[in-house]
Each structure stands twice: as C-alpha cells, then as structure tokens.
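Architecture at a glance
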Amino acid sequence: MQTLRMDTSLFGSFLEALKAFGTLIAPVERSPGVFVLEPIDDVRKARPDAVRTVLPFKKLLLKPQFTMLEHRSGSEPMDSNDSDWPPMVYVGAHSCDIHALKILDMLYLNDFVDPYYKRNRDRLTIVAFGCMPDDKCFCASQGTANVDDGFDLGLTPLEGHYLVTVGSARGDDIVRANPQLFEPSDRGDVEEYLDRLKRRLESFTLSMSVADLPYILELKKDDPVWEELGKKCLCCGSCSMVCPTCSCFNVRDELPEEGVARRVRTWDACLYRDYALVAGGHNFRDKRADRVKNRYYHKQEAFVREFGKSSCVGCGRCIENCPTGINVVEVFNLVRGEL
Amino acid sequence: MSAIVPEHHAPRRSVRRLGTGPNPYLPVPARIMRMQELTSEIRLYDLRFTDTALADRWAFRPGQFVELSIMGVGEGPFSLPSSPTRRGIFQLGIRRTGTLTDYLFDRVREGDTVGIRGPLGNGFPIELFEGQDMLLVAGGLGMVPLRGLLHYLIDQRDSFGRVILLYGTRSPDQVLFRDELESLARRGDAEILLSVDTTQGKPWGGRTGVVTELLDLVQLDVSTSYAVACGPPVFYKFMLEKLVARGFGRHRIYLSLERRMECGIGKCGHCAVGYTFTCLHGPVFSYWDAVNLPELIYT
C-alpha cells in the first residue's frame, strides 16, 4: 500500500479530476445537518465530512425499486438495465460504510451472484474519508471503526493536508493520472495520523459489548425484553430502510401496458407484517415482538453464524431514525443485563 | 451423477451458476408436455425445456425445487416429484392455492410454455443414504417431493437397502400416485403402507387411522436406516418425535420445509429462519438442524 499526502486546498481539483473516473456521488447538505448521497457536478457541494447520510450507499447499488426483467409478448423475458448506473465515484465513504459494502458483497457476490448488484459494484470507485464519531456512532464496538481495504483511495484529514492511502490499482490509476495533486508523505504525517487516531478512539461515547453475544441471544430468546420491545416498536421499517446492510427485497409482477410484463424488485423489511406470510395464510411472525426480535437476532446472531461476523456496522442510522426512540445499543446492553 | 449435482449444504464461499443460466433471476422457457389431475386440487405437470441442449443437460437432486413463473402473473417455488435419473422431462406437482396456481389451472394448456429457474435448494443427502435402509414417511402433499426420492431409490435399487414408504392422507380421494405406488409394491421394489384418516364413505381397501400409526407396523434396524419425512406442520409435530422414540437419531431423520420465497437463491431474506435460508441451506434439513432452529417447525 502506498501512502501520500495532498494539500487541503487541492480538494476541489481532486474532485474535478475524479470526474474522469465516473459520476461523482457525495454527501450533500439537503437541509441544516441533514445529508443525502447524490450525484454532484458542482464539487463545492460535496461534504465528505458529514458524519452520516440519511440513506446509505446501498440505494445506488440496488435502487429502492427497479425492473429486473421485462417481457414483451412474442419474445422471451429479458434482463433489464433499470437499476444500472454509469461508473460511479463514491466520495466520502466512512469506515462503517465500507464495512457495510463488504457485507453486501458477501451476500450478493458469493454463491449465486446477483447481476444487478454486480454490474454497479464492478463500476464503483470508492474514496474513503476519515471521520470523527458523534453520540450515535458505535462502530468501535462492532469492529468496524477502521478499514484496511475495500477502497480505492483513502483520505484522512490532518492539519492543512490529507494523508492519502492508495488502496487499489484503480486508486493508483487516479494518482498516476494526477501527479500534480500528490506529494510523498513523511514521518511527521504518521505522527499526526496516530495522534488523530487516539483522539478519535477517545471520542466515542456510545458502546456495547459483542462478546459472546450470539450465545447470549440464544439464552435470552424467551426473555420478556422482546415483548417489551414489541410494544414500543411500530414495525414501520425505518431502521431497515436506513440500515446500510439491510437488503431484503420483494418481487412482484406488473403489467404497465398491453403486451408488456415487468418483474419489479422493491426494498422490503422483515418488520413488515406480511414478510413471512406463506401461501395458505400462515404467518410465521405474526406478532410485532417476533418481527423486531427477528431483526435483532439476524444482525447479531444469524449473520454471525453464517458469515462469521455481525452485519451491524455501528453507523447509528437506526438510532437517528427510529420514530419511537429505540436505541439498538440500549437494547443489547439491556439483554446483557447491563442496564 | 455426482459431478453435475450441487454439493449438499453447499457453502456460500464460492460462486455457483444456476442450471438454467448465469442470471439466476431469469426464467427460461419450458413447455408443458402433459397435465394430469391427481386430485381435484392437485395436478401433475410434465415439462421440457424448449432449449434441447438444456433439456438434455439439466440435472437436479431429489428434494430440490424450481421457481415456476408466468411473467405478469408471478412466480412461486414448486418441488419436483420426478427423479433426475430420468432426463429430458421433469415433473411438478402443483396444488391450487393462489393467483399463480389459479392462472396455471385455468388458463395454461398443454403445449404452452412457462418460465423455470433452478434447480434450487440443497436436496436430500443421497450419498449418506447409499447402502442404508430407507424409511420414507409422507403426509398429504408431502408425497410430491418424496415421490422424486422414491423414484431415485428405485432407479438405483442396488445402491440402497430396503425402501419403505408410509403414506397417509385425509381420505381415499386425496391419495396421490395410488396406482403407481401399488404397482411398485407388487413388483417388490418397495414396501408400501397407505392409510387414510377417514374413508368418508368411499371404497378403500387400505388402513384407516393417522399415518404415525403405520410406524408401529414396520420392523427395521434404526442403526442402518435413514428416515425421510415430508408433510404439513401437524404431521411433523407428531411424526418426528415418534421416529425419535422409535430409536432414530436426530441426524438420521431428514425433512423438507416450506417458507415464503421470492428469489430462491438466498438473497431476498423472506425464507430466513434463524441463521438458515430455507431456499439455500434447505429445504431439506436434518431433524437435529431443525430442533436447533425452533422457528423452523413449530411457530
């Protein structure tokens, strides 16, 4: 891995240079303190320092709703490019965001590969950006506060300049195409980085222990805490929609015009009532308590058993967006008997 | 055979390709060659892929399933009551339950094409079964996937020990494949015991009573046998524990489950139960796996 530095004043030129590699996607301040990821042309709008965007990057890899297949009478069903983007450059990915993409990769790029995800993912360039936690971040507890790979270029803001990590051959392409932006880093940069890292780790105010958590959940599966949570949770699905690793979907057919049929894929959430309803009318998770419990167990028990790690990256989006104020960290600390 | 069928409980680590093509969401056309009424609500469809090379190449494991789709109407998972030992034509046993199956029953005719994706799921662990006595127990529509396994066992008769089928339905008119099963029994290929809950006044030469009672009529060595059960939740509730009481280890009992599915390839999340995806790690589970996932059977 190569480490360079770039002067802070060159950030705008850097973004202009990135346009040669794809459509820029960056956090933009939609209203005071509210950031959304969107394509930008005016590089001054980019706010890679934003702690979190309302929706994570998943919305650009798999649209909330898109046509998977289209069928015109007289021919066979065809793969649709409705969810496809031109090459994208995602500027401002934090460590948790990159861990989330790696989790989605485990799901969508293994076994039977999802072509709709893969086409956008293959064309994606990721520029990571060092962040500082707020009171809803708990990535340090989930082991996702730092990232060693999964990005093309990584920028850590230091005093007056960025420490730049070249994380891939594509990152190297960007550096070689723009030698005027970069200079070698020195030992002072390393010292400054370590100092920042220490300050960052000391800035976390929210934490939970994940030690032995899958087994604790197994032991607590009949605990009254889930019934209590079921009374508070509206099963509105907001936490799933904003979660960077929640990726369940529904499929339904539409007949938009004579002779045309479309198979449409839509984001779904395990919190919705009909999620586990089977033909014949039996609902495997009819009660809200069962559904909210299922979501927590899937993140911290089921995913661990299947993939060897939790699928929660500690980004805090679910905490920020829950209309009834459910805090995932409080729930797990309560389950552990620490509240 | 083993070279073309997927591994049992295949891990997610490697990349696999579905038999019907590289886009696992894209159905490929198969023609309905024949339809037979099994009961007033259940039909047997003979299908063949219109792509001749695919029709000849396509293989599956007993216990796997396919997604059948009619674009504009929908898609649903259906188990395969035929055996992969018989190439070219495959069968689906379909019960009328909703929009898609209504369309199939009312609008689709012989000669029409439908879309197929598959094979999906793990299927039965047939390698484990080799040389063993096989006890198949079916309740109601559970006979559909078990018939595929039964045919497989009969077609490779020398690789297995005894083949015993216990099959129960509500009434005589609900018995699926009755003539065929009686013929297999007469030929001595399998030992077959049928029962119905009630005769409902219809002629019936077999036993009456619940299917679990048939188990009392069978002598077998559980240390060299595997039991494979397939049926509705209430059937599992009584049959699985009865098999355990009979001496079967929970790892020697296999069952096949149903869940709501959309994608069939472990992505959409709907069929997830605990840490397993019914479509990917199932639909076949050992009873040991099933009891460790309580939601799997009893909720």
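Scoring rules and cut-offs
Residues numbered from 1 in each chain as written. Chains lettered and ligands numbered in written order. Predicted model: local features only at pLDDT ≥ 70, side-chain atom pairs only at ≥ 80, totals over all residues. Domains from an automatic or database assignment. Contact = placed C-beta atoms within 7 Å. Helix = DSSP H or I, 4+ residues; strand = E, 2+ residues; numbered from the N terminus. Nonpolar A, V, L, I, M, F, W, Y, C, P; charged D, E, K, R; others polar. Pairing = 2+ DSSP bridges. Axes fitted to C-alpha atoms, helices over the stretch in contact; angles between N-to-C directions. Core = buried A, V, L, I, M, F, W, Y, C linked by C-beta atoms within 7 Å. Buried ≥ 20, exposed ≤ 12 C-beta atoms within 10 Å, placed from the backbone. Parallel < 35°, antiparallel > 145°, perpendicular 65-115°, else oblique.

1. Digging into the domain arrangement of chain B
Residues and elements named next belong to chain B. Taken as a whole, chain B is organised into domain 1 (28-120) and domain 2 (126-256). Each of domain 1 and domain 2 was reduced to a C-alpha centroid, and the two centroids are 24 Å apart. In this complex, domain 1 contributes 15 residues to the contact, which on the side of domain 2 involves 15 residues.

2. Concerning the domain arrangement of chain A
One frequent convention defines the size of an interface as the accessible area lost when the parts assemble. All names here are of chain A. When the domains of chain A are assigned, the result is domain 1 (2-202) and domain 2 (213-335). Between the C-alpha centres of domain 1 and domain 2 there is a distance of 26 Å. Each partner contributes residues to the interface: domain 1 has 30 residues there, and domain 2 has 25 residues. Mapped by element, the contributors of at least two residues to the side of domain 1 that touches domain 2 are strand 4 (65-72), helix 3 (95-108) and helix 5 (139-142). Looking at the side of domain 1 that touches domain 2 residue by residue, the class counts come to 16 nonpolar, eight polar and six charged.

3. What to know about the sheet that holds strand 4 (residues 65-70) of chain B
All names here are of chain B. Read across the sheet, six strands follow the order 5-4-7-2-3-6 without closing on themselves; strand pairing throughout is antiparallel. Of all strands in the sheet, those with a lone pairing partner are strand 5 (74-79) and strand 6 (90-95), marking the two edges. Put simply, the sheet's adjacent strands are angled 40° from each other on average, direction ignored. Here seven bridges tie strand 2 (residues 28-37) to strand 3 (residues 42-49), and the two strands are oriented antiparallel to one another. Considered in strand 3, the bridge of isoleucine 32 is made with leucine 47.

4. Some points on unusual backbone geometry
Comment: phi is negative for the bulk of residues other than glycine, and the bulk of peptide bonds are trans. Here B:Gly118 and B:Pro119 are connected by a cis peptide whose omega angle stands at 0°. A cis amide bond links B:Gly282 to the next residue, B:Pro283, at an omega of 10°. With respect to the helices and strands, B:Pro283 occurs in the loop between strand 15 (276-277) and strand 16 (284-286). Phi is positive for A:Cys235, close to 55°, though the residue is something other than glycine. With respect to the helices and strands, the residue A:Cys235 is situated in the loop between helix 9 (224-232) and helix 10 (238-242). Residues other than glycine seldom take positive phi values, yet B:Phe177 does so here, at roughly 60°. Here B:Phe177 is to be found in the loop between strand 9 (163-169) and helix 5 (178-187).

5. A closer look at the nonpolar core
Here is a general trend for soluble globular proteins: nonpolar side chains tend to be buried in one another's company. With 166 residues, the main nonpolar core has A:Tyr90, A:Val91, A:Val127, B:Leu136, B:Val228, B:Ala229 and B:Leu255 as its most contacted residues. Broken down by element, this core gets its largest block of residues, eight residues, from helix 3 of chain A.

6. Things to note about the sheet that holds strand 8 (residues 133-139) of chain B
Residue and element names in this part refer to chain B. Taken together, the seven strands give an open sheet; going across it, the order is 11-10-9-8-12-13-16, and neighbouring strands pair in mixed fashion. Looking along the sheet, the strands with just one partner apiece sit at the ends: strand 11 (207-208) and strand 16. Sheet analysis places strand 13 (residues 253-256) next to strand 16, joined by three bridges and oriented antiparallel. Pairing of serine 256 across the sheet is with valine 284, part of strand 16. With respect to the sheet, helix 4 (residues 143-155) is in contact with strand 8, strand 9, strand 12 (225-230) and strand 13, its orientation differing from that of strand 8 by roughly 160°.

7. What to know about the packing of helix 9 of chain A against helix 11 (residues 288-307) of chain A
Residue and element names in this part refer to chain A. Running from N to C, helix 9 and helix 11 point in directions that differ by 105°, and their axes come no closer than 8 Å. Considering their axes alone, helix 9 and helix 11 lie roughly perpendicular with respect to each other. Here Trp226, Glu227, Leu229 and Gly230 of helix 9 lie close against helix 11, whose contacting residues are Arg288, Ala289, Val292 and Lys293. When the residues that make up the contact of helix 9 with helix 11 are grouped by side-chain class, the tally is four nonpolar, one polar and three charged.

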